[in-house]
Amino acid sequence: MVQYSPVGGQQKVALFALVAATTSFVMGMVLPFNLRVERASRASIPAVSSEPSKVTPKVVEKVESSSQEETPQVLSKLGINLKGAISQRVDNLEKTLAKLESQRFNYAIPEQFQGKTIKEVSIPGEQKVVAFTFDDGPWPSSTRQILDILKENNIKGTFFWVGSALKNQKDIAKEVVSEGHVVANHTWSHRYQKYSPAGAAEEIESTSQLIEELTGVESPLFRPPGGVLDNGLVDYVFKQNHVNVMWSVDSQDWKASSDKIIDNVLKQAKSGGIILMPDGGGDRSATVKALPTVIKKLSEQGYSFVTIPELLEIAAQKPVEQSQPTDSSQP
């Protein structure tokens, strides 16, 4: 399974700690060494008169030469390979920084899904897996209620965020990430209009930048508002080699009661499917009410629940010709 681990502020703290530790180590090695070298050098200085005229240039030259010659000997006696120790610390620091950097892009997308539209995938073997996705948030109450339900059932979901909502619910956004859920881009304004290339870039990148600023996450996942594929937004996403994530199960929460939402999801669900259940954009009380029952019923049917990156990773285990994404002009 793909690891999903939030970073952000923690990353900066870790970097500062590593640099501080390395600096402390080097100083701790060098300062005692300098003191020992200085003592050794003093011991090798011939006795001279306290009169300035007695300290000749030759004496000074001898002292400096003696100090330089005895440096390796002092290090050897101390059992210290200063160059090797510092080199090892630098290597460790570089590896740790590289790991932290890789965590910013927290989930790699299998190559066959990059720059593609997916609405469901083919799952190998007898596995029964589906992915819950939540759109239009984060929202003041419903997002937290959904988080509680997911936590109670030990499920991770994928949240497609609208930038204009995100800027007003920064604390909730951090909760979503800290609890291990995947976050993705759902534009800044959630409009269905036609976009110029520059307009599409602004809608998507402004949200991406805010997500990264708040959570440290760079997301390669996008979902167009309303599932509209021909207004310029998806074209921009494909140029970034990201994934346009649609859905195969529509809860139709915007017009349905909780009972109808449950019925809609259970009728459409199948392994490899992507379930759409918005957590924001309006009154989502029916969705909140329906979600526990949907989870219970699908669990009884043998389903397990994964994030979108995990779903794609599982699908990628099939031969390429069997795991190609499904392109569709409509959800």
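Residues numbered from 1 in each chain as written. Predicted model: local features only at pLDDT ≥ 70, side-chain atom pairs only at ≥ 80, totals over all residues. Heavy atoms only, no water.

**Student:** What is the right way to read unusual backbone geometry from this model?
**Tutor:** With the exception of glycine, most residues fall at negative phi, and the peptide bonds are largely trans. Along the chain, Gly-137 connects to Pro-138 via a cis peptide bond; the corresponding omega equals 0°. Relative to the helices and strands, Pro-138 is located in the loop between β2 (129-137) and α4 (142-152). Phi at His-190 is positive, roughly 60°, even though this residue is not glycine. Residue His-190 is classed as partly exposed on the basis of its relative accessible area of 25%. In this structure, Asn-241 takes a positive phi of about 65° despite not being glycine. Relative to the assigned elements, Asn-241 resides in the loop between α8 (233-239) and β6 (243-245). A residue is classified by how much of its surface remains accessible, and Asn-241, at 39% relative accessible area, is partly exposed. (Helix = DSSP H or I, 4+ residues; strand = E, 2+ residues; numbered from the N terminus. Buried < 20%, exposed > 50% of the residue type's maximum accessible area, 1.4 Å probe, protein only.)

**Student:** For this particular structure, what's the right way to read the layout of surface pockets?
**Tutor:** One way to see where empty space is left: roll a probe the size of a water molecule over the atoms. Considering only enclosed or pocket space, the largest pocket measures out at about 250 Å³ in volume. Contributing to the lining of the largest pocket are 16 residues, with Tyr-192, Gly-226, Trp-247, Trp-254 and Leu-276 lying nearest its centre. Across the lining of the largest pocket, the residue classes break down as 7 nonpolar, 4 polar and 5 charged. Approximately 200 Å³ is the volume attributed to the second largest pocket. Around the second largest pocket, the lining is made up of 17 residues, and of these Glu-205, Ser-208, Glu-218, Ser-219 and His-242 lie nearest the centre. (1 Å grid on protein atoms, 1.4 Å probe; cavity = no way out; pocket = protein on both sides within 12 Å on 5 of 7 lines; lining within 4 Å. Points joined across faces, edges and corners; volume = space filled by probe spheres on them. Nonpolar A, V, L, I, M, F, W, Y, C, P; charged D, E, K, R; others polar.)

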